[in-house]
Amino acid sequence: SQTIHQWPATLVQPVGSPLSLECTVEGTSNPNLYWYRQAAGRGLQLLFYSVGIGQISSEVPQNLSASRPQDRQFILSSKKLLLSDSGFYLCAWSVMAVTSYNEQFFGPGTRLTVL
Amino acid sequence: SQQGEEDPQALSIQEGENATMNCSYKTSINNLQWYRQNSGRGLVHLILIRSNEREKHSGRLRVTLDTSKKSSSLLITASRAADTASYFCATDALRTDGLTFGKGTHLIIQP
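About the cut-offs
- Residues numbered from 1 in each chain as written.
- Chains lettered and ligands numbered in written order.
- Predicted model: local features only at pLDDT ≥ 70, side-chain atom pairs only at ≥ 80, totals over all residues.
- Heavy atoms only, no water.
- Core = buried A, V, L, I, M, F, W, Y, C linked by side-chain atoms within 4.5 Å.
- Buried < 20%, exposed > 50% of the residue type's maximum accessible area, 1.4 Å probe, protein only.
- Helix = DSSP H or I, 4+ residues; strand = E, 2+ residues; numbered from the N terminus.
- Contact = heavy atoms within 4.5 Å.
- Buried area = accessible area lost by both parts, 1.4 Å probe.
- Salt bridge = Lys/Arg side-chain N within 4 Å of Asp/Glu carboxyl O.
- Polar contact = N/O pair within 3.5 Å; in protein donor to acceptor, adjacent residues only side chain to side chain.
- Nonpolar A, V, L, I, M, F, W, Y, C, P; charged D, E, K, R; others polar.
- Phe/Tyr/Trp six-rings, centres within 6.5 Å; stacked < 30°, edge-to-face > 60°.
- Lys NZ or Arg CZ within 6 Å of the ring centre and 35° of its normal.

1. Observations regarding the nonpolar core
Right, so step 1: With 21 residues, the main nonpolar core has Met21, Leu32, Trp34, Leu74, Ile76, Tyr87 and Leu107 of chain B as its most contacted residues.
Right, so step 2: Residue assignment for this core shows that the elements contributing at least two residues are strand S2 (10-14), strand S3 (19-24), strand S4 (31-37), strand S5 (43-50), strand S7 (61-66), strand S8 (71-76), strand S9 (85-92) and strand S11 (105-110) of chain B.
Right, so step 3: Residues Leu19, Phe74, Leu76 and Leu112 of chain A belong to the second largest nonpolar core, which totals 19 residues.

2. Focus on the interface of chain A and chain B
Right, so step 1: Counting from both sides, the interface comprises 21 residues of chain A and, opposite them, 23 residues of chain B.
Right, so step 2: Across the chain A/chain B interface, buried area totals approximately 1,700 Å², and carbon plus sulfur atoms make up 51% of it.
Right, so step 3: Summed over the shared surface of chain A and chain B, the number is 0 salt bridges.
Right, so step 4: Counting across the interface, chain A meets chain B through 4 residue pairs in polar contact (both at pLDDT 80 or more).
Right, so step 5: Those elements that provide at least two residues to the side of chain A that touches chain B are strand S4 (32-38), strand S5 (44-52), strand S9 (87-94) and strand S10 (104-106) of chain A.
Right, so step 6: Among the elements that make up the side of chain A that touches chain B, the one with the highest residue count is S4 of chain A (4 residues).
Right, so step 7: Considered class by class, the residues forming the side of chain A that touches chain B number 10 nonpolar, 7 polar and 4 charged.

3. Some thoughts on the packing of aromatic side chains
Right, so step 1: Scanning all chains against the criterion turns up 8 aromatic pairs over all chains.
Right, so step 2: When the ring of tyrosine 36 of chain A is compared with that of phenylalanine 106 of chain A, the centres are 5.5 Å apart and the planes differ by 40°; the resulting orientation is tilted. With tyrosine 36 of chain A in strand S4 and phenylalanine 106 of chain A in strand S10, this pair connects stretches of sequence that are 70 residues apart.
Right, so step 3: For tyrosine 36 of chain A, a relative accessible area of 0% translates into the label buried.
Right, so step 4: In this structure phenylalanine 106 of chain A comes out as buried when scored by relative accessible area, which is 10%.
Right, so step 5: Plain terms: the ring middles of phenylalanine 106 of chain A and tyrosine 35 of chain B are 5.5 Å apart, the flat faces sit at 85° to each other, and that makes the pair edge-to-face. One end of the pair, phenylalanine 106 of chain A, is in strand S10; the other, tyrosine 35 of chain B, is in strand S4, on a second chain.
Right, so step 6: When the ring centre of phenylalanine 88 of chain A is taken as origin, the NZ or CZ atom of arginine 111 of chain A, which lies over that ring, is 4.4 Å away.

4. Some points on unusual backbone geometry
Only a minority of non-glycine residues have a phi that is not negative, and only a minority of peptide bonds are not trans.
Right, so step 1: Looking along the chain, the bond that leaves tryptophan 7 of chain A and enters proline 8 of chain A is cis, with omega of 0°.
Right, so step 2: Mapped onto the secondary structure, proline 8 of chain A falls in the loop between strand S1 (3-7) and strand S2 (10-13).
Right, so step 3: Note the cis peptide between aspartate 7 of chain B and proline 8 of chain B, where omega equals 0°.
Right, so step 4: For proline 8 of chain B, the location among the structural elements is in the loop between strand S1 (5-7) and S2.
Right, so step 5: Of note in the backbone geometry, asparagine 30 of chain A takes a positive phi value of approximately 50° without being a glycine.

5. A short note on the pattern of salt bridges
All names here are of chain B.
Right, so step 1: Taken as a whole and assessed by the stated rule, the structure comprises 7 salt bridges over all chains.
Right, so step 2: Ionic pairing is found between aspartate 83 and arginine 36, a salt bridge with its closest N-O pair at 4.0 Å. Residue aspartate 83 is located in the loop between S8 and S9, and its partner arginine 36 is located in strand S4; the two are separated by 47 residues in the primary sequence.
Right, so step 3: Among the residues examined, aspartate 83 registers a relative accessible area of 7% and is labelled buried.
Right, so step 4: One connected set of salt bridges, linked through shared partners, spans Arg36, Arg60 and Asp83.

Purely geometric stuff here, so don't read any function into it on its own.
Shown next as structure tokens:
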């Protein structure tokens, strides 16, 4: 069966510090991968998605970046965090197939607080 | 930008009652999905309805889709305390990238 992992679960970082959040998927090959952010009491905002190794599409311009160094690994990074980067970051995957309906499976999330 | 808009934003009902949540969207879609999120946790996929479907059932869940009105509803019958969570609709447009989520309905089931 497929599983998705995110770490760390919680993170408190000072403004201006770097960030690296990791997401890995097991039990599937060549998935679509996604990073979402959820501000407090809000819905999810798509940040990045990837359809393959090294292929990253950005939905929202910001000081965050994403990378996909391996098929089932998706990393969210920042060189200098802003207060507005605080939120709940969720990684998700979906099946990459012509007949798929883009049903997405989410990781447990990382709660980031920037102070 | 967010496309889906759920209403109500919050709903509190007694255990055993039915809960209905609505979602409206703006653009053409391939399918519409409902997700559930327990406090501070990841999202769990509940049900998906394709654009050519009008109604779908899964256990105590019933979803309807009206593409002419660009709206959907999620009905949870015989609610239980464990149904307390936030519920989000998400639309999948005619492309293969991410979903567009609404802001969610926070459902509280009182025992």
